Amino acid sequence: MDDRIVPRSGLRRDELAGIVREEELELGIAISAAYDDNIFLSANNPESDLVMKLTPAVAWRKGNKLDGEGGYLSVAYRPSVVDYADHSGNDRIDHVAAWEAGWRGKAITLAYSGNFAKLGDATADTGTLTDRKEVANEGRIAWAVGEKVALEVAGGQTSTTYDSPSFADSSLTYGEVALRYAYSPKTRLSAAYRFGRFEVDGAGDQTVHRTTARIEWQPTRKIAVDLEVGAEHRTFDAGSDTSPVVEARIGWMPREGTEIYLNAYRREQASAYLPGQNYTEGGVALGLVQKLGEKWRGRLEVGVERAKYSRVSGTGVAGRVDDIRFIRPALEYRFTDDFSMGLFYRYSENSSNNPAFGYESHSGGVEMGYRF
C-alpha cells in the first residue's frame, strides 16, 4: 500500500566493512500472507481479503563503484506474485528492476543508473488499486577539480504511465549541475541547480527550476545526518509558484542493538486522478529498530503526511487536502543469518476533506524471508 512515505533506514552498519568483493551474486525469497480489511482504500465500501505474496529476488554486482579505478556494473530484479483469496480478478505480478553502470578514473567518473517498476497496488491519490509503470534513467559525469572539490553534470528522465485511460500520465525531463565539497572525512557539502520540463496528459507543460543545498554529516559511527533543503519554482498555465523542498534522513544508534531514525520530506507531484492539478506533499516518519535478545528484533514506525491539491491548468474547483496517519509495528525472529520469520501490522487513515477519498485500513499477517 502506498501511503506516499517510503520507509528508509536512517543509519546502517555494514557487517562486511573492509571486505571488498569484485563480483557478487545474491538470491533471496520472501513469502507473506496478510488479512487486509480495505484492499481498495475505499471511503464508503471497504472490501476485505486475504492477500498472499511470493517475492523472489536476484542481484548481481561486478566491480567497486566507491573505491579504485575501473568499471562497475550492478543489476537487481524482484518480481512479486500477488494473490487475492476472494477477489481473484485483481491477482497480478508486480515487477521491480534497477541497474547501475559506470567507470571511475583518476579525475573523471561516468555513471548511469535506472529503474523500472510495474505496480498495481492502491495509491492515496487515486483511491483504488492502480496499474502503472514507473521508469527512471539518469546519466552523470563528475570531475574532481581538486582533492576535495568535484563538479557534476547530469541529465535524466522519469515517467509514470497508467493502464487506465482515466488516469493522467506524467513525465519529467531534467538537467542538473552540482558542486560537491568534502569538508572533512565526516562531512560533505554540496549545492545543486536543476531545471526541467514536466509534462502531464490533459494539462499544459510545467517548467521547473530547483536550487538546493545538502549536508552529509557523520560525526560518530552512531550518528548519520543527510539533509537537503532548497526551493523549487514552477511555471504553469495558471501562473507560477515557489515552494520549499526538503529531503531529510537522520539516524542514531544510542547503543548496540538499537536504531532510531527520522525521515522527512516536502515535494510537489502531479495528480493522476485529478487532471490539471498538482499536490504538494509533506511528511515525517519516526522509526525504531530494537534487538530483543539473540534471535528477536522489533520494529516500529509511525508517521503523518499532508497532501494539498491546487489547480495548475484548466478550470474547475481544487482544494482537496489529504491528512494521512499510519503506524507499522513488526516482530521478527531470525533462525539463522539467512532465514527469518515475523509478524506485522499496518494501520493507515486518511481524513481527507473530500469524503470520496478518506479511508481507514487495517492489515496484519506473517512473513518469511530466506537468503540463499
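First things first, this report covers the structure right here in the doc. This one's a predicted model, so the numbers in the text were calculated from it and none came from an experiment.

## Here we look at the overall build of the protein
Within the protein one finds 0 helices and 20 strands. Relative to a compact globule of 372 residues, whose C-alpha radius of gyration would be 21 Å, the protein shows 22 Å and is just as compact. Expressed along its principal axes, the backbone C-alpha trace of the protein runs to roughly 60 × 55 × 35 Å. Relative to its full complement of 372 residues, the protein shows a buried share of 38%. Of the contacts made within the protein by residues no fewer than 6 positions apart, 52% connect residues no fewer than 24 positions apart. Total accessible area computed for the protein in this model is approximately 19,900 Å², and 58% of it derives from carbon and sulfur atoms. On the protein, the mean spot of the 45 positive side-chain charges and the mean spot of the 54 negative ones are 6 Å from each other.

## What to know about the packing of aromatic side chains
Taken as a whole and judged by the stated rule, the model has 11 aromatic pairs. Taken together through their ring pairs, the aromatic side chains of Trp296, Tyr333, Phe335, Phe339, Tyr370 and Phe372 make up a single cluster. Arg194 extends its terminal NZ or CZ atom over the ring of Tyr174, reaching a point 4.0 Å from the ring centre. Here the guanidinium or amino end of Arg320 rests over the ring plane of Phe357, the centre of that ring lying 3.6 Å away.

## A word on a nonpolar patch on the surface
On the surface, Ile250, Leu262, Val284, Leu286, Leu288, Leu300, Val302, Val304, Ile327 and Tyr345 cluster together to form a nonpolar patch covering roughly 700 Å² of accessible area. Summarising the element assignment, Val302 is placed in strand β17 (residues 296-311).

## Some points on empty space enclosed by the protein
This model, assessed by the stated rule, comprises 2 cavities of 30 Å³ or more. Considering only enclosed or pocket space, the second largest cavity measures out at about 30 Å³ in volume. In this structure, the second largest cavity is lined by Glu176, Ala192, Tyr193, Arg194, Arg210, Thr211, Thr212 and Glu228. Taken together, the elements giving at least two residues each to the lining of the second largest cavity come down to β11 (187-200) and β12 (206-220).

## A few points about the side chain of Thr187
By the element assignment, Thr187 lies in strand β11. When sequence neighbours within four positions are dropped, the list of residues in contact with Thr187 reads Tyr181, Ala182, Ile215, Glu216 and Trp217.

## Some points on unusual backbone geometry
Positive phi, close to 55°, is recorded for Leu41, a residue that is not glycine. Residue position: Leu41 is located in the loop between β1 (23-36) and β2 (49-62). A relative accessible area of 2% means that Leu41 is categorised as buried.

## Regarding the pattern of salt bridges
The full count for this structure, using the stated rule, is 26 salt bridges. Glu247 serves as the salt-bridge partner of Arg267, at 2.8 Å between the closest nitrogen and oxygen. Of this pair, Arg267 sits in strand β15 (residues 258-270) while Glu247 sits in strand β14 (residues 239-255); the two residues are 20 residues apart in sequence, bridging distant segments of the chain. Of the residues examined, Arg267 reaches a relative accessible area of 23% and is grouped as partly exposed. A network of salt bridges, in which partner residues are shared, links Glu138, Arg140, Glu152, Glu176, Arg180 and Arg194.

## Describing the pairing of strand β19 (residues 339-350)
As paired elements, strand β18 (residues 321-334) and β19 share 9 bridges and run antiparallel to each other. If you follow Ile324 over to β19, its bridge partner there is Asn350. Between the end of β18 and the start of β19, which pair antiparallel, lie 4 residues. In this sheet, strand β20 (residues 359-371) lies alongside β19 in antiparallel orientation, the contact comprising 12 bridges. Note on β20: the bridge partner recorded for Asn350 is Tyr359.

Calculation criteria
Residues numbered from 1 in each chain as written. Predicted model: local features only at pLDDT ≥ 70, side-chain atom pairs only at ≥ 80, totals over all residues. Heavy atoms only, no water. Helix = DSSP H or I, 4+ residues; strand = E, 2+ residues; numbered from the N terminus. Rg over C-alpha atoms; globule rule 2.2 N^0.38 Å. Buried < 20%, exposed > 50% of the residue type's maximum accessible area, 1.4 Å probe, protein only. Contact = heavy atoms within 4.5 Å. Areas by Shrake-Rupley, 256 points an atom, 1.4 Å probe, with all protein chains shown as cover. Lys, Arg positive; Asp, Glu negative; His and termini not counted. Charge placed at Lys NZ, Arg CZ, Asp CG, Glu CD. Phe/Tyr/Trp six-rings, centres within 6.5 Å; stacked < 30°, edge-to-face > 60°. Lys NZ or Arg CZ within 6 Å of the ring centre and 35° of its normal. Patch = residues over 30% accessible without salt bridge, like charges linked within 9 Å, V, L, I, M, F, W, Y side chains within 5 Å. Salt bridge = Lys/Arg side-chain N within 4 Å of Asp/Glu carboxyl O. 1 Å grid on protein atoms, 1.4 Å probe; cavity = no way out; pocket = protein on both sides within 12 Å on 5 of 7 lines; lining within 4 Å. Points joined across faces, edges and corners; volume = space filled by probe spheres on them. Pairing = 2+ DSSP bridges.

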